[in-house]
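What follows is each chain in one-letter form.
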Amino acid sequence: AAGVAEAVALDEARATLAPTTVERSQPQGRDSSGRERMGISTADLTRLPSVLDPSFVAGGWPRDDRHLAVSRGFADENRLDVGSVVAVVAGLAGAPAAGPDAAARSATRSFVVSGIFERDEVLDDSVGLPGAVAGLPGVEPSTELVLVRTRPGADAAAVARRLGAIAAAIPNSTAAPTDRYVEEQTGALDLVLGIVDVLLFFAVLVAAMGIANTLGLSVVERTRELGLLRAVGMERRAVSRMVRVEGVLV
C-alpha cells in the first residue's frame, strides 16, 4: 500500500517447556501433562528491528535457529540469564506415548538465551527466527500480526485505512495505527479501572458519612457530659481537641 516503508509478519507458536527446564513449587499455566507452555514469536529478525524496539536489558536478537530472546518477566519466572539453555518439548495431541511413530510425533529442542527484553505486548514469551520452530511436530506457527512502518511524512491514519481495505478481505483482520491499537488492547483494562474508581469513590463517601455521623452523635448525645467537663474546669480548646482526636481515631 502507498505510504508503507516496511512490513514484517510476526508469527506465533506455542510449545512446551521440558520438565528439567524449571522446577517450581506452585507452577503457573501448565497443561495437562504438568509442563509449562511457552509462547514463541518468529519473524525475519533482520527486518523486525526496523518496526519494533523491545528495549533489550541484556544481550540482543538471536542470530541463528538455536537461539531465542526471552522477555524479562519470563526470564525472571524461570531464572534465566543470557547463555541459559531452554529445552522445549513438542508433540502432537493424542500421540501415543510409545511406538514406532513416537519419535516422529514428539521432539525435544534446546535453545540458548541470546538476550532478555522488556515485556512487549506485541511479542510473546520469546522471539526467534522461523527456523527455530520449523520441523517441531505439533508446533504450527500462524501469522498473528503484520507490523508496518510508514514512510517519513506519511499520514499513519490514511495508511491504516488503505491497509484496512486490504485486510477486509481476510476474516477477523483489521488495521490500526499504533495509538489506536494500544487503545483497543487496553480498553478492557481502562473499563475495569473506571469501575474500580467508582467503587472506591462510593467507599470513601460512605466512610466520610460514617465518620461525620459518629462525630455528630458524639457531640449531640454527650451535651451534658461536655457541659460537666467544662463546669469542672476543662478549657474549650481541650474539649475541641478531645472531639478531634476521637474523630481521627475513628
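Asker: How should the overall build of the protein be read in this particular structure?
Answerer: Within the protein, the regular secondary structure consists of six helices and eight strands. For the protein, the α and β elements follow one another from N to C terminus as β-β-β-β-α-β-α-β-β-β-α-α-α-α. Buried positions account for 30% of the 250 residues belonging to the protein. Nonlocal contacts in the protein, meaning residues at least 24 apart in sequence, comprise 75% of its contacts between residues at least 6 apart. As displayed, the protein offers around 15500 Å² of accessible surface, 57% of which is attributable to carbon and sulfur atoms.

Asker: Hey, could you run me through the environment of Val 122 in this one?
Answerer: Here Val 122 shows up in the loop between strand E6 (106-117) and strand E7 (126-128). In the structure, Val 122 is positioned 25 residues away from Leu 147 in sequence and 9.3 Å away in space, judged by C-alpha atoms. With residues near it in sequence (within four places) discarded, Val 122 still touches Leu 10, Glu 12, Leu 52, Leu 145, Leu 147 and Tyr 181.

Asker: Is there a simple way to explain the nonpolar core in this structure?
Answerer: Within the largest apolar cluster, 20 residues are counted, with the highest numbers of intra-cluster contacts made by Met 38, Val 86 and Val 139. Core analysis: the next-biggest nonpolar cluster, separate from the first, contains 13 residues, Leu 10, Leu 45, Ala 69 and Val 122 among them.

Asker: How should helix H4 (residues 178-220) be read in this particular structure?
Answerer: Between its first and last C-alpha atoms H4 spans 61 Å; for 43 residues at 1.5 Å apiece the expected length is 63 Å, and the two agree. Along its length, H4 shows its largest kink, about 50°, at Thr 186.

Asker: What is the right way to read the packing of H4 against helix H6 (residues 236-249) from this model?
Answerer: Running from N to C, H4 and H6 point in directions that differ by 150°, and their axes come no closer than 10 Å. As H4 packs across H6, the resulting crossing turns out to be right-handed. When H4 is examined against H6, the residues Ile 211, Leu 215, Ser 218 and Val 219 are found in contact with a partner set consisting of Val 243, Glu 246 and Gly 247.

Asker: Explain a nonpolar patch on the surface to me, please; I cannot follow it from the model alone.
Answerer: Judged by side-chain polarity, Val 198, Phe 201, Phe 202, Leu 205 and Met 209 come together as a nonpolar surface patch covering roughly 510 Å² of accessible area. Along the polypeptide, Phe 201 turns up in helix H4.

Asker: I tried to follow the pairing of strand E4 (residues 67-71) on my own but got confused; where do I start?
Answerer: Across the five residues of E4, four count as buried, placing the element largely inside the fold. Pairing of E4 with E7, which is carried by two bridges, proceeds in the antiparallel orientation. Along E7, the bridge assignment pairs Ala 69 with Val 127.

Asker: What should I look at first to understand the pattern of salt bridges in this one?
Answerer: Oppositely charged side chains may form a pair once their charged atoms are brought near each other. Evaluated as defined, the whole model comprises four salt bridges. Taking the shortest distance from any N to any O, the salt bridge between Glu 225 and Arg 222 comes out at 3.1 Å. For Glu 225, a relative accessible area of 38% puts it in the partly exposed group. On the basis of relative accessible area, Arg 222 is assigned to the buried category, the value being 18%. Among the ionic pairs, Arg 222 bridges to Glu 246, the shortest N-O distance being 2.8 Å. Taken together, the residues span a long stretch of sequence, with Arg 222 in the loop between H4 and helix H5 (223-231) and Glu 246 in helix H6 at a distance of 24 residues. Overall, the relative accessible area of 26% leaves Glu 246 in the partly exposed class. Residues joined in a network through salt bridges with shared partners are Arg 222, Glu 225 and Glu 246.

Asker: What exactly am I supposed to notice about the side chain of Ser 84 here?
Answerer: Tracing the chain through its elements places Ser 84 in the loop between helix H1 (72-78) and strand E5 (85-91). Separated by 2.9 Å, the side chain of Ser 84 and the backbone nitrogen of Asp 81 make a polar contact. Filtering out sequence-adjacent residues up to four positions away, Ser 84 remains in contact with Phe 111, Val 112 and Val 113.

Asker: It is not clear to me how the side chain of Ser 114 should be interpreted in this structure. Could you clarify?
Answerer: Within the element layout of this structure, Ser 114 appears in strand E6. Exposure remark for Ser 114: the relative accessible area of 14% places this residue in the buried category.

Asker: Would you mind going over the pairing of strand E1 (residues 4-17) with me for this structure?
Answerer: Remember that side chains alternate between the two faces of the sheet whenever the strand is regular. When E1 meets strand E8 (residues 142-150), the two strands line up antiparallel, connected through eight bridges. By the bridge assignment, Asp 11 is partnered in E8 with Thr 143.

Asker: Looking at this structure, I do not really get the confidence of the model for the protein. What am I missing?
Answerer: Parts of the prediction with low pLDDT should not have their coordinates interpreted in detail. Looking at the protein as a whole, the pLDDT averages 79, with 86% of positions reaching at least 70. Under a pLDDT of 50 for its full length, residues 22-35 has, in the predicted model, 23 contacts with residues more than four places off or in other chains. Per-residue pLDDT stays below 50 along residues 92-105; that stretch engages in eleven contacts with residues further than four places along the chain or on separate chains.

Rules behind the numbers
Residues numbered from 1 in each chain as written. Predicted model: local features only at pLDDT ≥ 70, side-chain atom pairs only at ≥ 80, totals over all residues. Heavy atoms only, no water. Helix = DSSP H or I, 4+ residues; strand = E, 2+ residues; numbered from the N terminus. Buried < 20%, exposed > 50% of the residue type's maximum accessible area, 1.4 Å probe, protein only. Contact = heavy atoms within 4.5 Å. Areas by Shrake-Rupley, 256 points an atom, 1.4 Å probe, with all protein chains shown as cover. Core = buried A, V, L, I, M, F, W, Y, C linked by side-chain atoms within 4.5 Å. Expected span 1.5 Å × (residues − 1). Bend = angle between axes of the 7 residues up to and from the residue. Axes fitted to C-alpha atoms, helices over the stretch in contact; angles between N-to-C directions. Left-handed = near helix turned anticlockwise from the far one by under 90°. Patch = residues over 30% accessible without salt bridge, like charges linked within 9 Å, V, L, I, M, F, W, Y side chains within 5 Å. Salt bridge = Lys/Arg side-chain N within 4 Å of Asp/Glu carboxyl O. Pairing = 2+ DSSP bridges. Polar contact = N/O pair within 3.5 Å; in protein donor to acceptor, adjacent residues only side chain to side chain. pLDDT = per-residue confidence, 0-100.

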